[in-house]
Amino acid sequence: MVLSKLITIKSQTLDKICETLTSKYWKHSEISRLLNLHKISDEQYSHLNCKTHLYNSLADNINQSHNLTKFFNLLFDACHARNFDTQEEHQHFLEKINIILSYEGIQLKYIDGKKKITIIKPTSSVSEAKQRANKLKATLEDRNIHPQVIMFCKEEFLQENYFHAVLEACKSIYDKIRKMTGCQEDASQLVEIAFSTKKPLLAINNLSNKNEINEQIGFSNLIKGVSSMFRNTTSHAPKLYWEINFEDAVDILTMISFIHKKLDNAKSLQ
């Protein structure tokens, strides 16, 4: 990782990274395993609390070596999918790390299974994210967007230029269907079970004629289409290659709002 030798990182960023890592790796044995695996000395700090143990060990290594190679190797290892029970949990943790790194203009990516550090336009301040949030929220409120979509117009979701807000709003559709039906499947399988035309758990009309059945099928396909185009893309494609601008975000979130409103009026057939 030659690029890591050319990057610098502020002490407050390192502190936030260590705070996030120790929210998962909170035992001294886990911290020591990570550090020792990457040949970073930690003996003199192992008696301190986990966050300080990790921070001081990493800071010493960075200051002595004058590059971030071992730091980024450790970070990639700590964020690897094998350390998480679900893909969603892994994605969420990596996003938390990348939000912190965005202030330095850095992102960690896994592209075709390979580790990659990418350079992005730095997030200049929390106020920038708040300004984005206020602008998006005001525009969506003018459109009478569903309140469950407005929830995702927060500054923490917008530090990645609308990318994260769209991802989380897409997830909210499936969470709502699971709560309405009790079905714990995900993605297309959940939608097909919930909106089946043979034994549906939910119906957006009376399903009493061909037109109403076609409407049910069309709504099911709309949800699956949103998942395929936006949720799956934002979950798996690096943000570097799949940018969402303000206009895109408004249009996508408006579509998600439509789906939420239809779900609010759906009838349970269980």
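Throughout what follows, the structure given in this document is the object of discussion. (Residues numbered from 1 in each chain as written. Predicted model: local features only at pLDDT ≥ 70, side-chain atom pairs only at ≥ 80, totals over all residues. Heavy atoms only, no water.)

**Quick look at the nonpolar core**
No. 1: Of all hydrophobic cores here, the largest spans 39 residues; its most connected members are L136, L140, I173, I177, F195, I223 and I256.
No. 2: The element best represented in this core is helix α11 (residues 246-264), accounting for 8 residues.
No. 3: Apart from residues no more than four positions distant in its own chain, I177 is found in contact with G182, L190, A194, F195, L202, I223 and L263.
No. 4: Judged by nonpolar contacts, the second largest core, of 33 residues, contains L21, Y25, L35 and I106. (Core = buried A, V, L, I, M, F, W, Y, C linked by side-chain atoms within 4.5 Å. Buried < 20%, exposed > 50% of the residue type's maximum accessible area, 1.4 Å probe, protein only. Helix = DSSP H or I, 4+ residues; strand = E, 2+ residues; numbered from the N terminus. Contact = heavy atoms within 4.5 Å.)

**A word on the side chain of Q107**
No. 1: Structurally, Q107 can be placed in strand β1 (residues 106-111).
No. 2: Given a relative accessible area of 1%, Q107 falls into the buried group.
No. 3: Side-chain polar atoms of Q107 contact the backbone oxygen of N98, separated by 2.8 Å. (Polar contact = N/O pair within 3.5 Å; in protein donor to acceptor, adjacent residues only side chain to side chain.)

**Structural notes on the pattern of salt bridges**
Oppositely charged side chains are able to pair whenever their charged atoms sit close together.
No. 1: All chains considered together, the criterion is met by 11 salt bridges.
No. 2: In this structure, the salt-bridge partner of R82 is D77, at a minimum N-O distance of 2.5 Å.
No. 3: A relative accessible area of 54% means that R82 is categorised as exposed.
No. 4: Between D175 and K179 there is a salt bridge, with the nearest N and O atoms lying 3.2 Å from each other. Residue D175 and its partner K179 are both found in helix α8 (residues 163-181); the two are separated by 4 residues, about one turn of the helix.
No. 5: Overlapping salt bridges, with partners in common, bring together D15, E19 and K51 in one network. (Salt bridge = Lys/Arg side-chain N within 4 Å of Asp/Glu carboxyl O.)

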